[in-house]
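Residue-level structure breakdown
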Amino acid sequence: MSRDVPIHSWPGSYYINSEKRWENGTLSLTRTTVSFVSSQSKESLASFRLSRIMEIKMESSSFIFSTLTVLEEGNVKHWFGSLKPNRVVVYNVLEHFWRERLLSPGSEARGAECQPSKGRELIKLVAGAQRRLEDTGRVISHQGEQFDDMMQGLEKIDSDLGVADKLLSELESPSWWPFGKLPWKAQQEAKAEDAARAAATAAAAAGKGSGRSKVITSIPAVVSKGGDSDLKPGCLLVLVSSLEVRDTSCQLLHRFERNEIDEIRVHSPYEITVRQRFIGKPDVCYRFLSAKMPEAMSVLEMQYKKKVEFTGEYTAFKATPLSSPCDTEGPTGNEGLLQKCQETEVPLEVPAGDLSQLQVHVLQPSVSQAEAQELKQMLMQLKNLALEAETELERQDEVLDVLTSSTDRATMHIDKHTCRMKRLL
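Let us look at the structure shown here.

Rules and cut-offs
- Residues numbered from 1 in each chain as written.
- Predicted model: local features only at pLDDT ≥ 70, side-chain atom pairs only at ≥ 80, totals over all residues.
- Heavy atoms only, no water.
- Helix = DSSP H or I, 4+ residues; strand = E, 2+ residues; numbered from the N terminus.
- Buried < 20%, exposed > 50% of the residue type's maximum accessible area, 1.4 Å probe, protein only.
- Contact = heavy atoms within 4.5 Å.
- Axes fitted to C-alpha atoms, helices over the stretch in contact; angles between N-to-C directions.
- Parallel < 35°, antiparallel > 145°, perpendicular 65-115°, else oblique.
- Left-handed = near helix turned anticlockwise from the far one by under 90°.
- Nonpolar A, V, L, I, M, F, W, Y, C, P; charged D, E, K, R; others polar.
- Pairing = 2+ DSSP bridges.
- Core = buried A, V, L, I, M, F, W, Y, C linked by side-chain atoms within 4.5 Å.

Topic: the side chain of glutamine 303
Mapped onto the secondary structure, glutamine 303 falls in helix α4 (residues 293-303). Exposure remark for glutamine 303: the relative accessible area of 8% places this residue in the buried category. For glutamine 303, the residues in contact, after removing those within four places along its chain, are Ile216, Val238, Leu239, Val240, Arg258, Asn384 and Glu388.

A short note on the packing of α4 against helix α8 (residues 369-424)
Where α4 meets α8, the closest approach of the two axes is 9 Å, and the angle between their N-to-C directions is 40°. Considering the angle they form, α4 stands oblique to α8. In this structure, the crossing between α4 and α8 has a hand that is right-handed. The segment α4 lies against α8, with Pro294, Glu295, Ser298, Val299, Met302 and Gln303 engaging Gln373, Lys376, Gln377, Met380, Gln381, Asn384, Leu385 and Glu388. Its residues placed into classes, the contact of α4 with α8 shows five nonpolar, six polar and three charged.

Here we look at the pairing of strand β12 (residues 263-268)
Regular strands have side chains that alternate between both faces of the sheet. Of all six residues in β12, five are buried; the element is thus mostly enclosed. Pairing geometry for β12 and strand β13 (residues 271-276), over five bridges, is antiparallel. Looking at β13, one finds that valine 266 is bridged to isoleucine 272. In this antiparallel pair of consecutive strands, β12 and β13, the connection spans two residues.

Thoughts on the nonpolar core
Here is a general trend for soluble globular proteins: nonpolar side chains tend to be buried in one another's company. Ranked by size, the top nonpolar core spans 29 residues in total, and within it Leu27 and Leu94 carry the most contacts. If sequence neighbours within four positions are ignored, leucine 27 has contacts with His8, Ser9, Trp10, Val34, Ser35, Phe36, Phe80, Leu83, Val90 and Leu94.

Considering the sheet that holds β13
Strand order in the open sheet made by the eight strands is β11-β10-β9-β8-β14-β13-β12-β15, with mixed pairing throughout. Each end of this open sheet is capped by a strand with a single partner; those strands are β11 (252-257) and β15 (308-310). Neighbour-to-neighbour, the strand axes of the sheet open up by a mean angle of 30°, direction not taken into account. Here three bridges tie β12 to β15, and the two strands are oriented parallel to one another. Its bridge partner being in β15, valine 266 is matched across the sheet by phenylalanine 310. Along the sheet face, α4 touches β8 (215-225), β9 (232-239), β10 (242-247), β12, β13, β14 (284-289) and β15 and points at about 110° away from the line of β8.

The structure is reproduced here in structure tokens:
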């Protein structure tokens, strides 16, 4: 198995400048490189790193054929044509990963540095805080279930009081009694009670919606509804109660409510599919491809534990090791390693008393890039837990208000019915 599994591949053709001809093959994008392999000879005709790309453009060859060109360092231009499903899709994906690679240079090269001391201590602290917050969340959830049981009991009491009110009304004013209560007055009282209940329910729903619309994280992504033929730039928003799909102008394309999502298929650390199934009409399915997907997955795995499904492609990715410190972005690995050693070199022998405070600070182990990424994901999970706990507490506050008003109303109705029954006796 090769070291890097392709994130995405497209059939197409590559222009061999030395032979002045086009060769059919497959264009592949991996974590760090772009390559083209011939379908006949199975040889790599072009392979270059994302960090060496200077420009990606959509051009025309001989004013007829639509092509995609990639300009590499050293003024080397690569021409790709006959791309399927189309060159716009390939351009959007390549441009997204190239742009994200430029925003975080050297992340792969520093991915496996061995400076675990400070980073490990921070990770242990955050892990302990996460366990405590998870325990607190379970207690809050159990408390919310108890409140829900109390609400159901009060609703049953309210229903029984309604039945008692009807029976008492029939006893107070029999059908044969000519001086009963006016029928339109009774209807007005019933309408007033229904309106008051509807207003209370609407206010509770509004408060609940405001708490559940908080954004946990937002990542840029290439979005497609259905297949791979219409991949377009956009973004994925992970909220406390839903997932939102937006375009580059932040216009809402679709919202997946948390309880409506049926499946999240993870094809690779950078690609997922979210599906909502329906009976009698087509499913709603969106595909997301993003270089920042690992950040969102740390939250999605917590929110949708039973709905996340990992495919065989994801297993192949996890089995592939990440780039090592020796795998640098330079022309060759030896040059990059030599440069890295020169940048981090410290004196082997330091005379006593000549070691300054700055040198001591440099010699102390620091947090590696991999540990920083792990800390970032753990903090994202902490943020998700905290927002969910806050939303649940806000919901319980609203339930407590409803419980208080319902209890007062039930007490008032019981006293009223008691007086009416005493009069009947």
